[in-house]
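# Chains, contacts and geometry: an overview
Chain by chain, the residues run as shown.
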Amino acid sequence: MTPVAHRGEIVHFLDDPRNDDHALEYIQDGILLIEEGHVAACQSATTLLGALPQSTTVIEHTDCLIVPGFIDTHVHFPQVDVIASHGAQLLEWLETYTFPAERKLGDRAHATEVAEFFLDELLRNGTTTALVFGTSDPVSVDSFFECARARSLRMICGKVMMDRNAPDYLCDTPETSRNQSQDLIDRWHGVDRLGYAVTPRFAPTSTPDQLAVAGDLLRTNPGVHLHTHTSENRDECKWVQSLFPERSNYIDVYDHYGLLGKRSVLAHGIHLCQTEWKRLAQTNSTIAFCPTSNLFIGSGLFDLKKAEEIGVTVGIGTDVGGGDSYSILRTLNEAYKVQQLRGYNLGAKTMLYLATLGGAKSLNLESCIGNFDKGKEADFVILDKNATSLISRRTRVSQSIEETLFALAMLGDDRLIKSTYALGKLAHART
Ligand code: GUN
Ligand code: ZN
């Protein structure tokens, strides 16, 4: 492969802007040089143009920003057809819409068609990596991994473990969930850019025996992730208390079975108490903040400031089908508004960080993706500052890169994504 130089306005993060004023690197006329799917250099055009290898192809991205691919830290691929379902909160929403839709993914042809559609949507929205729920049928995860591998994407997925409080047609058992999960780990974890997540749906749908199996799987397969939900909805929290009376709180249920840690991602965490916050921080566990979903299914307003103060890592998740958009930009827009309602002004730098390097750190993938450090995998997005007449007008009057980024996060959606590159190759181009 000949080297390719992408020229445009480059924005990425070297660190967390909440700890470091110089974390954002902005190169007004920059070059991102890609060799063999990886970042070979990221510098100003003045510095690099004269030093490019002779065979380099230069692609000019005029009036565009080049940013790292977005990272969705919590989403359900089987819920494509559940998106925008009317009028229910979590537990009723699961029974009415979600479980029947997930049943259909037992059919391999359907699962593949849904996985292809889902990945098309992610790429159309600039998302290049995601932590993804499958269904309880391992066929869904095989289909997903096959499609993601064919596109050279860095994706993490897992089979749902669920052995109670769900329809029989979706339930496994502690033993079948152990065998099916282990078989998927053996066949997929670490293959190309793929990773496995042990995925108990949430405490109410697993028996203590099954949660113990999830803990065993984590212990015996170092490097795999843990992916679940927690404290999303008040009725759910009460239900967990009644199902696990011997545990002191919701997080303690997961803690007891060894499910917390630096590769553990728990979606939502809206109704946590101080003890739970502390334990999440102590164990380096991550919360996926899913504002579109939290608003759409009426779950509540996540306390991001609390997470920052206590030192809990947070990623951004769309949580489709609970969320109503695959766009990380739309999700940042809602994140901003949710925090406004809590009296916290979320800054543009923090938002873009959460969508890129912060997402990578949430998933423990910062050595591979998240910014344009030399040697990282070249997943990036071209944002079109003239995507709509309004965006064009608003960005023209911006006084700083921060103002521009804020306007793009508030006004942007899939139209802003001119193209998406995965491992250096064009994976989506807007028509
Ligand atoms: N809690 C348990 N399952 C789910 C799910 O599929 N979506 C959401 N948002 N919450 C859940
Ligand atoms: Zn979810």
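Residues numbered from 1 in each chain as written. Chains lettered and ligands numbered in written order. Predicted model: local features only at pLDDT ≥ 70, side-chain atom pairs only at ≥ 80, totals over all residues. Heavy atoms only, no water.

Coordination of the zinc ion (ligand 2) by the protein involves H74 (NE2), H76 (NE2), H229 (NE2) and D319 (OD), with metal-donor separations of 2.0 to 2.2 Å. One can describe the donor arrangement at the zinc ion (ligand 2) as irregular, given that its four donor atoms subtend angles of 89 to 168° at the metal. Here the donor residues of the zinc ion (ligand 2) are spaced in sequence according to H-x1-H-x152-H-x89-D. In this pair, H74 is assigned in strand β5 (residues 70-76) and D319 in the loop between β13 (313-316) and α12 (328-341), connecting sequence segments 245 residues apart. Since its relative accessible area comes to 0%, H74 is described here as buried. (Donors = N, O, S within 2.8 Å, 3.2 Å for Na, K, Ca; no water. Tetrahedral: all angles 85-135°; square planar, octahedral: opposite > 155°, others 65-115°. Helix = DSSP H or I, 4+ residues; strand = E, 2+ residues; numbered from the N terminus. Buried < 20%, exposed > 50% of the residue type's maximum accessible area, 1.4 Å probe, protein only.)

Tallied over the entire structure, the rule returns three cavities of 30 Å³ or more. As a volume, the largest cavity reaches approximately 90 Å³. Surrounding the largest cavity, H76, Q79, L90, W93, L94, R201, F202, H229, E232, H268, I297 and D319 form its lining. Per-element tally for the lining of the largest cavity: the top contributor is helix α2 (residues 90-103), with three residues. Grouping the amino acids of the lining of the largest cavity by side-chain chemistry returns five nonpolar, four polar and three charged. (1 Å grid on protein atoms, 1.4 Å probe; cavity = no way out; pocket = protein on both sides within 12 Å on 5 of 7 lines; lining within 4 Å. Points joined across faces, edges and corners; volume = space filled by probe spheres on them. Nonpolar A, V, L, I, M, F, W, Y, C, P; charged D, E, K, R; others polar.)

Here we take up the pattern of salt bridges. Per the stated rule, a full pass over the model turns up 31 salt bridges. Note that E116 and R151 form a salt bridge whose closest N and O atoms lie 2.7 Å from each other. A residue pair is termed long-range when its members are at least 10 positions apart, and E116 in helix α3 (residues 108-124) and R151 in the loop between α4 (138-150) and β7 (154-158) qualify at 35 residues. The exposure class of E116 is partly exposed, given its relative accessible area of 30%. Judged by relative accessible area, R151 falls into the partly exposed class, the value being 22%. Between R430 and D384 there is a salt bridge, with its nearest N and O atoms 2.9 Å apart. Residue R430 is found in the segment after β16 (425-429), and its partner D384 is found in strand β14 (residues 380-384); the two are separated by 46 residues along the sequence. Given a relative accessible area of 32%, R430 falls into the partly exposed group. Under the relative-accessibility criterion, D384 is labelled buried at 8%. (Salt bridge = Lys/Arg side-chain N within 4 Å of Asp/Glu carboxyl O.)

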